[in-house]
Amino acid sequence: METFFFFDADTHMSPYHNFDKSIHAEQWDEIMEQAKVDKALAWLLPQGVEDVSQSNAYLFEQAQKNPRILPFGWANVGEGVEKAKADAKKCLTEYGFKGVKLNGAQNEYYIDSPEALEVLDVIAQNHGIIAFHIGADYPQYTDPVRAAVCAKRYPDTPILMVHMGGAAEPDVSERVIEVAKDHPNMYLVGSAIGVDKVKKAIDILGADRILFGSDTPFYSIAECKQAYLKMLSVYDESVMRKVMGENARRLFAL
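Okay, so let's go over this structure. Treat the numbers as computed from the prediction; the structure is a model and nothing was measured.

1. Quick word on the side chain of histidine 133
Turning to its location among the elements, histidine 133 is positioned in strand E6 (residues 129-135). A polar contact is formed between the side chain of histidine 133 and the side chain of aspartate 137, at a distance of 3.0 Å. Leave out the neighbours within four places in its chain, and histidine 133 touches Lys101, Leu102, Asn103, Ala105, Thr142, Val162, His163 and Ala167.

Below is the structure:
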């Protein structure tokens, strides 16, 4: 099993210590090393952050030192649409990030609003990957139907559906799966949701668009990884390889 390429598609790190879950890059790397994760997507930890630019810069600096980090940017429409557009462009063109995340739940805006679409236009025009928090915690802002509007607008841009409708109960994973049927550019990141829902996504959509995610530091990556491997043991080994790392390797051109 250790010969597999393990990739975690949802982790956070922070330069601050203003939240009880905050972890800096060194702590993050210790967690990844202990869980035997080869590489992981990392973005900022949003709680208590008033200016995402500082955290984006921190991620860039840390990724220069640690090849395990695949940094993604963050753009917050709540900080002003022009600033959010500038943050997204800087992440993609200056930092060389693979993509940018918009979190309408944490930052309280509709992900298909005219302001959000302006930011998404910047991401798509600069060949970045779009990531959305898609959860049941603030469903009015992040409903999968809103993500579908964006997926249709940018059919050639991969869109990460982070949490695939989880992060609260009852989850909206069934709606996420239904929407994803019609939008092949959607990739489901199964973090902060039960593995039974991830299995259902695999059974309906196939394994090629499902990515393992732990939502570190909010969940134990070791426990998440163990739960995934147990759930995936009923499939052919190729399915396990895809979900636990090979899909990410292909999507992010690693």
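2. Points about unusual backbone geometry
With the exception of glycine, most residues fall at negative phi, and the peptide bonds are largely trans. The amide bond that connects glutamate 169 to the next residue, proline 170, takes the cis arrangement and shows omega of -5 degrees. You can see proline 170 is positioned in the loop between strand E7 (159-166) and helix H8 (173-181). Residues threonine 216 and proline 217 are joined by a peptide bond in cis, for which omega reads 10 degrees. Here proline 217 shows up in the loop between strand E9 (210-212) and helix H10 (221-232). Unlike most non-glycine residues, histidine 163 shows phi in positive territory, near 85 degrees. Within the secondary structure, histidine 163 sits in strand E7. Relative accessible area serves as the criterion here: at 4%, histidine 163 is assigned to the buried category. In the Ramachandran plot, methionine 164 falls in the positive-phi region, its phi being about 40 degrees despite a non-glycine side chain.

3. A few points about the packing of aromatic side chains
The full count for this structure, using the stated rule, is 11 aromatic pairs. Residues tryptophan 43 and phenylalanine 72 carry aromatic rings whose centres are separated by 5.7 Å and whose planes lie at 85 degrees to one another, so their mutual orientation is edge-to-face. With tryptophan 43 in strand E2 (residues 39-44) and phenylalanine 72 in the loop between strand E3 (69-71) and strand E4 (73-74), this residue pair connects regions lying 29 residues apart in the sequence. As far as burial versus exposure is concerned, tryptophan 43 and phenylalanine 72 are alike and both buried. Counting every residue linked through ring pairs, the aromatic cluster contains Phe5, Phe7, Trp43, Phe72 and Phe252. The ring of tryptophan 43 has lysine 101 sitting right over it, with the charged end atom 4.2 Å from the ring centre.

4. Considering the sheet that holds E3
What the three strands build is an open sheet, ordered E1-E2-E3; its pairing is parallel. Across the chains shown, the open sheet's two edge strands, defined by having one partner strand only, are strand E1 (7-13) and E3. Averaged over all neighbouring strand pairs, the angle between strand axes comes to 35 degrees, with direction disregarded. Bridging between E1 and E2 involves five bridges; their strand directions are parallel. Directly across from threonine 11, in E2, lies its bridge partner alanine 42.

5. Here's the deal with helix H1 (residues 25-34)
Along H1, the positions that sit buried rather than exposed are Ala25, Trp28 and Met32. Looking down the long axis of H1, one finds its buried residues gathered within 60 degrees of arc, a one-sided arrangement. The inward-facing, buried residues of H1 abut E1, E2, helix H2 (52-65), E3 and H10. Directly after H1, the chain includes lysine 36, whose backbone phi takes a positive value near 55 degrees.

6. Thoughts on the sheet that holds E9
Read across the sheet, six strands follow the order E4-E5-E6-E7-E8-E9 without closing on themselves; strand pairing throughout is parallel. The strands lining the two open edges of the sheet, one partner per strand, are E4 and E9. The pairing of E6 with E7 spans five bridges and is classified as parallel. Note on E7: the bridge partner recorded for histidine 133 is valine 162.

7. Points about the pairing of E7
With eight of eight residues buried, E7 is to be regarded as a mostly interior element. One ladder, built from four bridges, connects E7 with strand E8 (residues 186-190); its direction is parallel. Following the sheet pairing, methionine 161 is matched in E8 by leucine 188. This β-α-β element, E7 to H8 to E8, shows right-handed connectivity.

Conventions and cut-offs
Residues numbered from 1 in each chain as written. Predicted model: local features only at pLDDT ≥ 70, side-chain atom pairs only at ≥ 80, totals over all residues. Heavy atoms only, no water. Helix = DSSP H or I, 4+ residues; strand = E, 2+ residues; numbered from the N terminus. Polar contact = N/O pair within 3.5 Å; in protein donor to acceptor, adjacent residues only side chain to side chain. Contact = heavy atoms within 4.5 Å. Buried < 20%, exposed > 50% of the residue type's maximum accessible area, 1.4 Å probe, protein only. Phe/Tyr/Trp six-rings, centres within 6.5 Å; stacked < 30°, edge-to-face > 60°. Lys NZ or Arg CZ within 6 Å of the ring centre and 35° of its normal. Pairing = 2+ DSSP bridges. Axes fitted to C-alpha atoms, helices over the stretch in contact; angles between N-to-C directions. Arc of directions from axis to C-beta. Right-handed = clockwise from strand over helix to strand, strands pointing away.

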